[in-house]
Amino acid sequence: PTLLFGTVDSTTQPVTNTYQFSLGAEHDVANLARRGINDGHRQVIVLHPDTTQGHRIFDEWNQVWEESGGQLIQSQAYNPEISDHSQILRELFHLDQSEARRTALQRVLGDQVNLKFIARRRQDIDAVFILADINQTRLIKPQIDFHHGHDLVVYSLNSNYTGIPEPVKDLDIEGIVFGEMPWIVNQEGNVQMFRDQISTQQSRQGFVLDRLFALGIDAYGLIKRINPMQQAMEMSYRGVTGTLSIPK
């Protein structure tokens, strides 16, 4: 058997006895979509960067979301070069419509009536997905809270977590749901044993590249188990990147 690192284009003709193993963002967003469905969410909005990669991972997320029975209420591609996303969020949450209703009511009642007004966001969504890097997520999440979305469940990519607690910076991503591998979050048992074998000079803890250690460890374990996993498709391998199996 041959184990490929990365993902071959889906239009490529499959090669017999060849398997793919990847930690790409596309797999992360696919798992994120399934997690949202399993959590009971069905109607959501999505924000993603207006870049080639941003559109690619959004397309992957959207495909899995729809196949799983979810409904995308609205999506928005944003400029990753800006930090103020107020206008986008006001439109996504229909706060501009809420204020328009207030203005219309004030016009009817006249200026002599002093209205007390609190903007109300749309009520047809139950979660938000932010498919962004760590810098943009730390900007967007507090702005979601400010624009009356503090009660919505927010999902984001695992690249927003470095593996090292940063209490001050992490306040901006407090409450976000993400999927992460045991290598990053489990600091005991076999995972810690492997970590102890990596010298301080080699370790990339706190960086996205640290996950490549986990990729290498599981690739070594998988190559010896592919044949028996071929024979028993229900068989899985509990690795440091997660529980791995061959898709049926």
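Residues numbered from 1 in each chain as written. Predicted model: local features only at pLDDT ≥ 70, side-chain atom pairs only at ≥ 80, totals over all residues. Heavy atoms only, no water.

(A) Structural view of the overall build of the chain. Counting its regular elements, the chain contains nine helices and eight strands. Per-residue burial over the chain gives 38% buried out of 248 residues. Long-range pairs, those at least 24 residues apart, make up 66% of the contacts in the chain with a sequence separation of at least 6. Working note: accessible area of the chain is about 14600 Å², and carbon and sulfur atoms make up 51% of it. Each charge class in the chain was averaged separately, 22 positive and 30 negative side chains, and the resulting centres sit 4 Å apart. (Helix = DSSP H or I, 4+ residues; strand = E, 2+ residues; numbered from the N terminus. Buried < 20%, exposed > 50% of the residue type's maximum accessible area, 1.4 Å probe, protein only. Contact = heavy atoms within 4.5 Å. Areas by Shrake-Rupley, 256 points an atom, 1.4 Å probe, with all protein chains shown as cover. Lys, Arg positive; Asp, Glu negative; His and termini not counted. Charge placed at Lys NZ, Arg CZ, Asp CG, Glu CD.)

(B) Summary view of the sheet that holds strand 3 (residues 43–49). Read across the sheet, four strands follow the order 4-3-5-6 without closing on themselves; strand pairing throughout is parallel. The open sheet is flanked by strand 4 (71–78) and strand 6 (153–156), the only strands paired with a single partner. On average, each strand axis in the sheet is inclined to that of its neighbour by 20°, with strand direction left out of account. Strand direction decides the pairing type here: strand 5 (residues 127–130) and strand 6, joined by four bridges, are parallel. In the sheet register, Phe129 faces strand 6, and the bridge partner there is Tyr155. Together, strand 3, strand 4 and strand 5 form the strand contacts of helix 2 (residues 52–67), whose direction differs from that of strand 3 by roughly 160°. Taken strand by strand, helix 5 (residues 134–149) contacts strand 4, strand 5 and strand 6, and its axis lies near 160° from that of strand 5. (Pairing = 2+ DSSP bridges. Axes fitted to C-alpha atoms, helices over the stretch in contact; angles between N-to-C directions.)

(C) Spotlight on the pattern of salt bridges. By the definition in use, this model includes nine salt bridges. Between Asp151 and Arg121 there is a salt bridge, with its nearest N and O atoms 3.1 Å apart. With Asp151 in the loop between helix 5 and strand 6 and Arg121 in the loop between helix 4 (95–109) and strand 5, the pair connects residues that are 30 residues apart, well separated along the chain. We note a salt bridge from Arg138 to Glu166, for which the minimum N-O separation is 3.7 Å. A residue pair is termed long-range when its members are at least 10 positions apart, and Arg138 in helix 5 and Glu166 in the loop between strand 6 and helix 6 (182–185) qualify at 28 residues. Each of Arg138, Glu166, Lys169 and Asp170 takes part in a single network of salt bridges with overlapping partners. (Salt bridge = Lys/Arg side-chain N within 4 Å of Asp/Glu carboxyl O.)

(D) How the structure looks around helix 2. The end-to-end C-alpha distance of helix 2 is 23 Å, a good match for the 22 Å that 16 residues give at a rise of 1.5 Å each. Every buried residue of helix 2 is accounted for by Gly54, Ile57, Phe58, Trp61, Asn62, Val64 and Trp65. On its buried face, helix 2 is in contact with helix 1 (25–38), strand 3, strand 4 and strand 5. Immediately downstream of helix 2, the backbone of Gly69 shows phi near 100°, a positive value. (Expected span 1.5 Å × (residues − 1).)

(E) Quick peek at the packing of aromatic side chains. Taken as a whole, this structure holds six aromatic pairs when the rule is applied. Where Phe58 meets Trp61, the ring centres are 6.3 Å apart and the plane angle is 20°; that geometry is what we call stacked. With Phe58 and Trp61 both in helix 2 and three residues apart, the pair spans about one turn of that helix. Judged by relative accessible area, which is 9%, Phe58 ranks as buried. With 5.2 Å between their ring centres and 15° between their planes, Trp61 and Trp65 make a pair best called stacked. Here Trp65 and Trp61 lie together in helix 2, a separation of four residues that amounts to about one turn. Just as Trp61 is buried, Trp65 falls in that class too. (Phe/Tyr/Trp six-rings, centres within 6.5 Å; stacked < 30°, edge-to-face > 60°.)

(F) Structural view of the nonpolar core. Residues Leu47, Phe93, Val128, Ile130 and Ile144 are the most contacted members of the largest nonpolar core, which totals 19 residues. Only strand 3, helix 3 (86–92), strand 5 and helix 5 provide two or more residues apiece to this core. Examining the composition of this core, we find that three residues originate from one element, helix 3, more than from any other. If we ignore the near neighbours within four places in the chain, the residues touching Val128 are Ile45, Leu47, Phe93, Ile144, Leu152, Val153, Val154 and Tyr155. Counting residues in each nonpolar core, the second largest holds 18 residues, with Ala33, Ile37, Leu131 and Val177 among its members. (Core = buried A, V, L, I, M, F, W, Y, C linked by side-chain atoms within 4.5 Å.)

(G) Just unusual backbone geometry, in detail. The residue Asn17 is not glycine, and still its phi comes out positive at about 65°. On the secondary structure map, Asn17 appears in the loop between strand 1 (2–5) and strand 2 (18–21). Classification of Asn17 by relative accessible area gives partly exposed; the value is 31%. One non-glycine residue with positive phi stands out, namely His94, at about 60°. One can find His94 in the loop between helix 3 and helix 4.

Read these as layout, nothing more, since geometry by itself doesn't imply function.
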